[in-house]
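Structural overview for review
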Amino acid sequence: FRIVAESESKAHALPIEEVHFHEVGAVDSIVDIVSIAVCMDDLGIDSLIVPYLCEGQGTVRCAHGILPIPVPAVQNITQVHAIPLRRIDVKGEFVTPTGAAAVAAFRSEEALPSTYIVRRTGIGAGKRQYERASMVRLMEIETTDETSDFVWRLETDIDDSSAERLGYLMNSLFIAGAREVHYAPIYMKKNRPGVELVVLCDDATRESIENRIFEETTTIGIRRVRMGRTVLARSFEEFQTEFGTLAAKRVRLPDGRSRIYPEYEEVVSLAERSGKSFFEAWSFVEKLIQEGK
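To start, this report covers the structure provided alongside it.

What counts and what doesn't
- Here, residues in each chain are numbered from 1, in the same order as that chain's written sequence.
- A pLDDT threshold of at least 70 governs which residues receive local features in this predicted model, and a stricter bar of 80 or more applies before side-chain atom pairs are shown or counted, although totals over entire chains, interfaces and linings include all residues.
- Side-chain calculation: all heavy atoms of the structure are included, whereas hydrogens and water are not.
- Elements are defined by DSSP. Helices are runs of H or I of four residues or more, strands are runs of E of two residues or more, and each kind is numbered from the N terminus.
- The nonpolar core is taken to be a set of buried Ala, Val, Leu, Ile, Met, Phe, Trp, Tyr and Cys residues, with the residues joined through side-chain atoms within 4.5 Å.
- When a residue's accessible area, from a 1.4 Å probe over protein chains only, is under 20% of the maximum for its type it is buried; when over 50% it is exposed; and in between it is partly exposed.
- By definition, residues are in contact when any of their heavy atoms lie within 4.5 Å.
- Taken from the helix axis, the directions to the C-beta atoms give the arc we talk about.
- Angular values range over 0 to 180 degrees, each being the angle between N-to-C directions of two axes fitted as lines to C-alpha atoms, with helices fitted over their stretch in contact.
- In these notes the angle categories are as follows: under 35 degrees is roughly parallel, over 145 is roughly antiparallel, 65 to 115 is roughly perpendicular, and the rest is oblique.
- Helix crossings fall into two classes, left-handed where the near helix is turned counterclockwise from the far one by less than a right angle and right-handed where it is turned clockwise.
- Between 30 and 60 degrees the pair is tilted, below 30 it is stacked and above 60 it is edge-to-face, where a pair is any two Phe, Tyr or Trp rings, Trp via its six-membered ring, whose centres lie within 6.5 Å.
- Any Lys NZ or Arg CZ that is within 6 Å of a ring centre and within 35 degrees of that ring's normal is treated as a charge sitting over the ring.

1. Quick notes on the environment of G194
- Along the chain, G194 falls in strand β9 (residues 193–201).
- For the pair G194 and P51, spaced 143 residues apart in sequence, the C-alpha to C-alpha distance is 40 Å.

Spelled out as structure tokens, the structure:
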């Protein structure tokens with residue numbers, strides 16, 4: 001709702017507190033947005049790939065009269081959140097402000113892996129009749145081999161921030177969507193000991209993470225470079241134990257072999273439920289995995 005409100009605020013040149021939602025504030029839009037959020041949570045989606053959105057052409061009638069497609073709210077959302085639009089040769093509105101806002105809120109990647117397996121599919125059909133199908137399709141996929149993608153490496157050198165501030169910063173960067181965060185001790189000008197902050201993140205989170213670094217540290221500059229990486233295919237599996245369900249990650253190697261790694265939080269939870277020490281719980285999990293139970 002905030003994304004929609006910000007786009008409407010820009011379209012009407014009004015403070016966000018004075019924006020009236022018109023169609024997007026109707027009951028059906030509220031149900032749409034809440035339903036999307038509930039479904040994403042229930043399905044356990046942790047990454048959403050949206051390469052682009054297909055938009056029609058022409059005009060559409062709304063509360064403000066007849067507007068060109070894409071309507072100003074959609075244009076503002078896709079512009080601010082860098083969502084590519086692909087024009088199709090069909091007259092009509094294919095991207096609504098509610099739909100664009102949902103993509104802006106959840107989109108984490110923009111490129112599909114080179115090969116993948118479709119595990120589940122959901123299709124929603126619209127009521128309007130067009131020359132082509134009016135539908136949205138969501139596919140849950142699993143990569144079948146190692147894939148190549150890109151990440152941003154952000155780095156900056158800091159020599160005048162306390163350990164407490166840096167500790168808080170690391171946690172807040174992970175919350176903001178950083179893939180990795182680490183510090184390295186360095187010596188800087190004037191013989192000052194300092195730290196080098198390095199963050200790996202996606203396109204979708206780079207700008208917000210940079211802003212967080214500027215807000216929480218004294219740095220005045222951040223270096224960045226786009227880096228390619230090779231990623232092994234992985235999936236999550238559940239094991240039944242006498243102490244409850246245990247989740248583990250299976251990683252597939254290029255030669256077809258696979259390895260299973262227990263998740264740290266899962267081992268901690270098992271230790272707490274069973275009364276075992278962490279070392280005992282970890283050994284128990286490793287034996288369980290080796291036995292294939």
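Next, the rest of the story.
2. Quick notes on the nonpolar core
- Ranked by internal contacts, the top residues of the largest apolar core, which has 17 residues, are L53 and I77.
- Of all the elements in the fold, those that place two or more residues in this core are α1 (2–12), α3 (72–80) and α4 (97–106).
- Here the element with the most residues in this core is α4; it accounts for 4 residues.
- If near-sequence neighbours (up to four positions away) are discounted, L53 is found in contact with I83, P84, L85, R86, V95 and V103.

3. Observations concerning unusual backbone geometry
- Cis geometry is adopted by the peptide bond preceding P70, which originates at I69 and carries an omega value of 0 degrees.
- In this fold, P70 is placed in the loop between β3 (65–68) and α3.
- Although it is not a glycine, K190 adopts a positive phi angle of roughly 60 degrees.
- With respect to the helices and strands, the residue K190 is situated in the loop between β8 (180–187) and β9.

4. Overview of helix α7 (residues 264–274)
- Taken together, the buried positions of α7 are V267, L270 and A271. Along α7, the residues classed as buried sweep out an arc of 100 degrees about the axis, all on the same side. Those residues of α7 that are exposed and angled more than 90 degrees off the buried face are E265 and E272.
- In this structure, the buried residues of α7 make contact with β11 (234–241), β12 (244–252), β13 (258–262) and α8 (278–291).
- Downstream of α7 by one or two residues, G275 has phi in the positive range, about 80 degrees.

5. Focus on the packing of helix α2 (residues 27–43) against α4
- Look at α2 against α4: their axes get within 11 Å of each other, and the N-to-C directions meet at 25 degrees. Taken as axis vectors, α2 and α4 run roughly parallel relative to one another. The chirality of how α2 crosses α4 is right-handed. Along its contact with α2, which presents S29, D32, I33, I36, A37 and M40, the element α4 presents T98, A102 and F106.

6. Re the packing of aromatic side chains
- A complete count under the given rule lists 3 aromatic pairs for this structure.
- Arranged with centres 5.7 Å apart and planes meeting at 50 degrees, the rings of Y264 and F278 form a pair that is tilted. Highlighted residues: Y264 in helix α7 and F278 in helix α8, separated in sequence by 14 residues.
- Residues F278 and W282 carry aromatic rings whose centres are separated by 5.8 Å and whose planes lie at 35 degrees to one another, so their mutual orientation is tilted. Pair noted here: F278 and W282 are both in helix α8, with a separation of 4 residues, about one helical turn.
- We classify F278 as partly exposed; its relative accessible area is 37%.
- Among the aromatic side chains, those forming a connected cluster through ring pairs are Y264, F278 and W282.
- Of note, R86 hangs over the ring of Y52, and the distance from its end group to the ring centre comes to 3.9 Å.
- The ring of W152 carries the charged tip of R224 above its face, separated from the ring centre by 5.8 Å.

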